[in-house]
Amino acid sequence: MSLREKILKNGLYSSLLLGINNQTKTTLHDMSHMVNSSRDEIVHACMYSLLQNSEFAGRFRERGLEPGYVRGILENILDEMFKGDFGEEHTVRIARLTFDLIRIGIPPRMLIMLMFILSQEIVRHSHLNSNQVKAIIQACGWLLSNMMKSYFTIDEEVFANSLGITSGSYDRLLKLTAEKIYRNIDKELA
């Protein structure tokens, strides 16, 4: 399966699993101007949270990322959350955005935290009803699912190119390692 096919398959699967439909898309698109009116406050609050964390701040500094670059990432994610159609090209844009984040050294855990901080600030700075909050959760879930697929795709490529391990072998190694850790978890975490 090609890279594009893997990415598109995950985008479709995520939409179906999360129940993203025309109503979800309409709700998000209708909210876009409300969120845009609070955009500066949302992005500022996110940047403040991120830069208060020594790991995030250190990562941005060591990569030479200026605050304007980080702000651009957050604004880009906001645009994708509220203006995208959750279709093929939207899915590909999210993959490209994520590959850029991987390229500059943003690990998956940081990305997950970034997405939740962003969602939290959107909800905090907007007066939303339950349908709007649900749509934000769906969009955040869809974005995260597609972003994580990009990370997993990179992992598979690294293992395939470096060690000659196929995705099936990688999955089996992952399961075996998880099983070993699970059996020893009490000893490991005590």
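The structure this text deals with has already been given above.
Here's what I pulled together on the structure shown here.

What counts, and where the lines are drawn
Residues numbered from 1 in each chain as written. Predicted model: local features only at pLDDT ≥ 70, side-chain atom pairs only at ≥ 80, totals over all residues. Heavy atoms only, no water. 1 Å grid on protein atoms, 1.4 Å probe; cavity = no way out; pocket = protein on both sides within 12 Å on 5 of 7 lines; lining within 4 Å. Points joined across faces, edges and corners; volume = space filled by probe spheres on them. Helix = DSSP H or I, 4+ residues; strand = E, 2+ residues; numbered from the N terminus. Buried < 20%, exposed > 50% of the residue type's maximum accessible area, 1.4 Å probe, protein only. Salt bridge = Lys/Arg side-chain N within 4 Å of Asp/Glu carboxyl O. Axes fitted to C-alpha atoms, helices over the stretch in contact; angles between N-to-C directions. Parallel < 35°, antiparallel > 145°, perpendicular 65-115°, else oblique. Left-handed = near helix turned anticlockwise from the far one by under 90°. Contact = heavy atoms within 4.5 Å. Nonpolar A, V, L, I, M, F, W, Y, C, P; charged D, E, K, R; others polar. Expected span 1.5 Å × (residues − 1). Phe/Tyr/Trp six-rings, centres within 6.5 Å; stacked < 30°, edge-to-face > 60°.

1. Topic: empty space enclosed by the protein
Applying the stated rule across the entire model yields one cavity of 30 Å³ or more. Here the largest cavity is characterised by a volume of approximately 50 Å³. Lining of the largest cavity is provided by F56, F60, V70, I73, L101, I106, M110, L111 and L114. Those elements giving two or more residues to the lining of the largest cavity turn out to be α4 (54–62), α5 (67–83) and α7 (108–125).

2. Quick word on unusual backbone geometry
At F86, a residue that is not glycine, the phi angle is positive and equals roughly 60°. Tracing the backbone shows F86 in the loop between α5 and α6 (88–103). A relative accessible area of 8% means that F86 is categorised as buried.

3. Looking at the pattern of salt bridges
For the structure on display, the rule yields 13 salt bridges. With its nearest N and O atoms 4.0 Å apart, the salt bridge here joins E62 to R59. Residue E62 and its partner R59 are both found in helix α4; the two are separated by three residues, about one turn of the helix. Relative accessible area serves as the criterion here: at 54%, E62 is assigned to the exposed category. The partner of R183 in a salt bridge is E179, with the nearest N and O atoms 3.6 Å apart. Highlighted residues: R183 and E179, both in helix α9 (residues 167–183), separated by four residues, approximately one helical turn. By relative accessible area, which is 45% here, E179 ends up partly exposed. One salt-bridge network, held together by shared partners, links R39, D79 and K83.

4. Digging into the packing of α6 against helix α8 (residues 130–163)
Two elements in contact, α6 and α8, have axes separated by 9 Å at closest approach and are oriented at 55°. When the interaxial angle is binned, α6 and α8 end up oblique. Crossing hand, α6 versus α8: right-handed. Within the contact between the two elements, α6 uses H90, T91, I94, A95, L97, T98, F99, L101 and I102 and α8 uses W142, L143, N146, M147, S150, Y151 and I154. Here the contact of α6 with α8 is built from residues that sort into eleven nonpolar, five polar and no charged.

5. Quick word on helix α1 (residues 3–18)
When the terminal C-alpha atoms of α1 are compared, their 23 Å separation across 16 residues agrees well with the 22 Å that a helix rising 1.5 Å per residue should span. Restricting attention to buried positions, one finds in α1 the residues K6, I7, L8, N10, G11, S14 and S15. Residues of α1 that are buried make contact with α6 and α8. Phi turns positive one or two residues past the end of α1, at G19, with a value near 70°.

6. Quick look at the packing of helix α2 (residues 22–37) against α8
Contact geometry for α2 and α8: axes closest at 9 Å, N-to-C directions at 100°. Classified by the angle between their axes, α2 and α8 sit roughly perpendicular to one another. In contact with T24, T27, L28, M31 and M34 of α2, α8 contributes N131, Q132, A135, I136, Q138 and A139. Of the residues in the contact of α2 with α8, the class split is six nonpolar, five polar and no charged.

7. Considering the packing of aromatic side chains
For any pair of aromatic rings, geometry is given as the distance between the ring centres together with the angle between the planes. Taken as a whole, this structure holds two aromatic pairs when the rule is applied. Plain terms: the ring middles of F56 and F60 are 6.3 Å apart, the flat faces sit at 40° to each other, and that makes the pair tilted. Highlighted residues: F56 and F60, both in helix α4, separated by four residues, approximately one helical turn. Of the two residues examined, F56 and F60, each falls in the buried class. Pairing F86 with W142 gives two aromatic rings, centres 4.8 Å apart and planes at 80°, and the pair type is edge-to-face. Highlighted residues: F86 in the loop between α5 and α6 and W142 in helix α8, separated in sequence by 56 residues. Assigned by exposure class, F86 and W142 land together as buried.

By themselves these figures say nothing about function.
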